[in-house]
Amino acid sequence: MTIRLPGADGALRTYEPRTEPLAVTSGTPFTSRTVFSAAHVVADPFADVSPDSPAAVDWDATLAFRRHLWSHGLGVAEAMDTAQRGMGLDWAGAAELIRRSAAEAKSVGGLIACGVGTDQIASGSLAEVRAAYEEQLALVEESGAQAILMASRALAAAASGPEDYLEVYGYLLRQAAEPVVLHWLGPMFDPALEGYWGSSDLDTATDTFLDVIAAHPDKVDGIKVSLLDAQREIDIRRRLPKGVRCYTGDDFNYPELIAGDEQGFSHALLGIFDPLGPLAAQAVRVLDTGDVRGFRDLLDPTVGLSRHLFQTPTRFYKTGVVFLAWLAGHQSHFSMVGGLQSARSLPHFSTAYELADGLGLFPDPKLAEERMKTLLSVYGVNQ
């Protein structure tokens, strides 16, 4: 069995897919790390919508994928960047997603945390930003899920300096019913977040971020840092108040950050754990036994795939995530809300397929091969 795949130069090459998936097994809950997968949404391919229309979601397939993640012991980080917040999924769709996923988590005993943002407004005053955050925080708390305070495009536009971030976040943290996760998403994921925390200088921004936490340590369960800068995450992690966790969001350097060092480690809240779910869960269970080398042996080989999916422009990594979910049989089609399936090239898809197949990520390698050939034929590549 072979398949012809186009490379970056446009030339076709022959690839021989593997015949058996990686053997992974479910097991007991994790004991050494708390691990969330930021999960994608499955579009309804039969909805007559345009990229500018409200998202049409296949709720059955979307919730089934969350049950898949929970079955392997992973938590679900819901309505986050991976779910195309602000890139196809509006607040109305996100609110429905939060309600449905939180109810599903309750029914199966799954761990869930949900994104709280301000995407019901495009822009506004600081008071309007606070009100938007409040509305979303109330919905997440009513659903019974943990809240993740996401970075806000509206706040980035409205804030005149660090003091505005301190005021808005302090206001929200004082009224949060339970400790939240603070999320710092870098501009590589969303260019509108350039200069977040009141400065484009990362050292200055880091100080403001830590000032927010220091003022309300009892209201912050942890932080999620998505800057793709391992050393900065380690530096921030070492400066956190006792009891405040660091959840790595670094899709380039996650094995070393989760493994940690003599001064600490990161938990995880990662988009790459959407396609890596079963393998990532197995690696964490190995780490639970104290076998750091075994953990790295399982997870280190996945970094090449992750760096490929998250390559510049990084914000389009969702396309690769959904593409792999289709190849793996988690959904019947390759379409996305907002039409984002068009955001990556055929050579990009071909490399993603080859890397994922090499890792044994496809439960049915033959199905993945057939679907890849179907995609290739649409682009005019005949086998």
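Here the structure is a predicted model, which means the values were calculated and not measured.

**Some points on the overall build of the protein**
Of the regular secondary structure elements, the protein holds 14 helices and 10 strands. In summary, the protein has a C-alpha radius of gyration of 20 Å against a globular reference of 21 Å for 383 residues, a match within 12%. Taken along the three principal axes of its C-alpha coordinates, the protein extends 60 × 50 × 45 Å. By the burial criterion, 57% of the 383 residues in the protein qualify as buried. Looking at the protein alone, contacts between residues at least 24 apart form 70% of all its contacts between residues at least 6 apart.

**Some details on the packing of aromatic side chains**
What describes a pair of aromatic rings is the distance from one ring centre to the other and the angle between the planes of the rings. In the structure shown here, the tally under the stated rule is 20 aromatic pairs. Between W197 and F209 the ring centres are 5.0 Å apart and the planes differ by 45°, which places this aromatic pair in the tilted class. With W197 in the loop between β7 (180-185) and α6 (202-215) and F209 in helix α6, this pair connects stretches of sequence that are 12 residues apart. For the pair formed by W197 and F209, the shared burial category is buried. Seen in terms of ring centroids, Y353 and F362 are 5.9 Å apart; in terms of plane orientation they differ by 15°. Their pairing is stacked. Just as Y353 is buried, F362 falls in that class too. Here a set of aromatic residues connected by ring pairs shows up, and it is made of Y133, Y165, Y169, W184, Y196, W197 and F209. The ring of F265 carries R33 above its face, with NZ or CZ at 3.6 Å from the centroid.

**Side note on unusual backbone geometry**
That bond from T312 to P313 is cis: its omega, -10°, falls within 30 degrees of zero. Within the fold, P313 resides in the loop between α11 (303-309) and α12 (317-327). Phi is positive for W197, close to 70°, though the residue is something other than glycine. Of note in this structure, L228 is not a glycine but carries a positive phi near 55°. With respect to the helices, strands and loops of the structure, L228 is situated in the loop between β8 (220-226) and α7 (230-239).

**Here's the deal with helix α5 (residues 162-175)**
The terminal C-alpha atoms of α5, which comprises 14 residues, lie 21 Å apart, in line with the 20 Å expected from a rise of 1.5 Å per residue. Three or more residues of α5 are buried, namely D164, Y165, V168, Y169, G170, L172 and L173. Against α3 (126-143), β6 (146-149), α4 (153-158), β7, α6 and β8 lie the buried residues of α5.

**Quick look at the environment of D207**
For D207, the location among the structural elements is in helix α6. Among the residues examined, D207 registers a relative accessible area of 35% and is labelled partly exposed.

**So, the nonpolar core**
Ranked by size, the top nonpolar core spans 117 residues in total, and within it L182, Y196, F273 and F323 carry the most contacts. Discounting chain neighbours no more than four positions away, the residues touching F323 are F334, F349, A352, Y353, M372 and L375. Judged by nonpolar contacts, the second largest core, of 10 residues, contains F36, A38, I148 and L269.

**Some points on the packing of α12 against helix α13 (residues 346-359)**
Contact geometry of α12 with α13 gives a least axis separation of 10 Å together with a crossing angle of 55°. In terms of orientation, α12 and α13 fall into the oblique class. Crossing angle aside, the handedness with which α12 passes α13 is right-handed. Residue-level contacts link T319, F323, L324 and L327 of α12 to F349, A352, Y353 and A356 of α13. Of the residues that constitute the contact of α12 with α13, the class distribution is 7 nonpolar, 1 polar and no charged.

**Considering the side chain of R66**
Note that R66 resides in helix α1 (residues 59-71). Among the polar contacts listed, one links the side chain of R66 to the backbone oxygen of A39, at a separation of 3.4 Å. A distance of 2.9 Å separates a polar side-chain atom of R66 from the backbone oxygen of T62. With residues up to four places along the chain from it excluded, the contact list for R66 reads A39, H40, V41, V76, E78, L97 and S101.

**Structural notes on the sheet that holds β7**
Pairing within the closed barrel is parallel, and its 8 strands lie in the order β3-β4-β5-β6-β7-β8-β9-β10. Pairs of neighbouring strands in the sheet enclose a mean axial angle of 25°, with direction left out of account. In terms of strand pairing, strand β9 (residues 245-248) meets strand β10 (residues 267-270) through 2 bridges, oriented parallel. In the strand pairing of β10, T248 is matched with A268. The sheet contacts of α3 involve β5 (112-116) and β6, and relative to β5 the element is tilted by about 165°.

Rules used throughout
Residues numbered from 1 in each chain as written. Predicted model: local features only at pLDDT ≥ 70, side-chain atom pairs only at ≥ 80, totals over all residues. Heavy atoms only, no water. Helix = DSSP H or I, 4+ residues; strand = E, 2+ residues; numbered from the N terminus. Rg over C-alpha atoms; globule rule 2.2 N^0.38 Å. Buried < 20%, exposed > 50% of the residue type's maximum accessible area, 1.4 Å probe, protein only. Contact = heavy atoms within 4.5 Å. Phe/Tyr/Trp six-rings, centres within 6.5 Å; stacked < 30°, edge-to-face > 60°. Lys NZ or Arg CZ within 6 Å of the ring centre and 35° of its normal. Expected span 1.5 Å × (residues − 1). Core = buried A, V, L, I, M, F, W, Y, C linked by side-chain atoms within 4.5 Å. Axes fitted to C-alpha atoms, helices over the stretch in contact; angles between N-to-C directions. Parallel < 35°, antiparallel > 145°, perpendicular 65-115°, else oblique. Left-handed = near helix turned anticlockwise from the far one by under 90°. Nonpolar A, V, L, I, M, F, W, Y, C, P; charged D, E, K, R; others polar. Polar contact = N/O pair within 3.5 Å; in protein donor to acceptor, adjacent residues only side chain to side chain. Pairing = 2+ DSSP bridges.

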